[in-house]
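The lines below spell out each chain.
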Amino acid sequence: MATNNQKSRGLRNNNPGNIRINSDKFQGEIQPSRDKSFKQFETMAYGYRAMFVILRNYYLNYSLKTIRQMITRWAPPKENNTEKYIETVSRLSGIPDNEELNINSEKQMTAVVAAMSMVENGVPAEMPDIQQGWKKLCD
């Protein structure tokens, strides 16, 4: 098992989506963050919950309804290989990149978030943590 210093920054911060510090406040967020650039969360489940909240906001507030649209905003080309990110999330989740997502589908959204976590951290996500994050979103 990897020591904390061997884990990716996102996993060390319980922030599997590598959400940058901004004015948004999330359940389970540690404030102030000890990381100067990225948010930290009490548990991985809260980190995953924050990812679900952001993707839901993309869908509802910005009409971003597909993996392609969401990832383009999440990981913009100016700082990421966005096309590779989209391709990987689509392949790992089994959802075509231009298919409209059902943001109320636990199966679809946990698959998308698990794939995003893999891209962000380089290791497979722990599904129980993602499922707890989904449950916290729905509570």
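Placed above this text is the structure.
Now for a look at the structure at hand. (Residues numbered from 1 in each chain as written. Predicted model: local features only at pLDDT ≥ 70, side-chain atom pairs only at ≥ 80, totals over all residues. Heavy atoms only, no water.)

Take the packing of aromatic side chains next. How two aromatic rings sit relative to each other is set out by the distance from centre to centre and by the angle between their planes. Taken as a whole, this structure holds three aromatic pairs when the rule is applied. On the numbers, 6.3 Å between centres and 65 degrees between planes, the contact of Phe-26 with Phe-41 is edge-to-face. One end of the pair, Phe-26, is in the loop between α1 (9-12) and β1 (29-30); the other, Phe-41, is in strand β2 (residues 40-41), with 15 residues separating them in the sequence. The burial state of Phe-26 is the same as that of Phe-41; both residues are buried. With centroids separated by 6.3 Å and ring planes inclined at 75 degrees, the aromatic side chains of Tyr-58 and Trp-74 adopt a geometry described as edge-to-face. Residue Tyr-58 is located in helix α2 (residues 44-62), and its partner Trp-74 is located in helix α3 (residues 67-74); the two are separated by 16 residues in the primary sequence. Residue Tyr-58 is classed as buried on the basis of its relative accessible area of 10%. The ring of Tyr-59 has Lys-65 lying over it, and the distance from NZ or CZ to the ring centre is 3.9 Å. (Phe/Tyr/Trp six-rings, centres within 6.5 Å; stacked < 30°, edge-to-face > 60°. Helix = DSSP H or I, 4+ residues; strand = E, 2+ residues; numbered from the N terminus. Buried < 20%, exposed > 50% of the residue type's maximum accessible area, 1.4 Å probe, protein only. Lys NZ or Arg CZ within 6 Å of the ring centre and 35° of its normal.)

On to the pattern of salt bridges, then. Here the idea is simple: oppositely charged side chains can pair when their charged atoms come close. Scanning the entire structure with this criterion turns up five salt bridges. Of the charged contacts, one joins Arg-9 and Asp-35 as a salt bridge, the two residues approaching to 2.8 Å between their closest N and O atoms. Within this pair, whereas Arg-9 is found in helix α1, its partner Asp-35 is found in the loop between β1 and β2, the two being separated by 26 residues in sequence. Looking at Arg-9, the relative accessible area reads 32%, which means it is partly exposed. Judged by relative accessible area, Asp-35 falls into the buried class, the value being 10%. For Arg-68, the salt bridge identified is with Asp-97, shortest N-O distance 2.6 Å. Of this pair, Arg-68 sits in helix α3 while Asp-97 sits in the loop between α4 (82-93) and α5 (106-121), placing them 29 residues apart in sequence. What emerges from the salt-bridge pattern is a single network uniting Arg-68, Glu-83 and Asp-97. (Salt bridge = Lys/Arg side-chain N within 4 Å of Asp/Glu carboxyl O.)

This part takes up the side chain of Asn-121. Within the secondary structure layout, Asn-121 lies in helix α5. Look past the residues within four positions of Asn-121 in its chain and what remains in contact with it is Ser-8, Gly-10, Leu-11, Pro-16 and Asn-18. (Contact = heavy atoms within 4.5 Å.)

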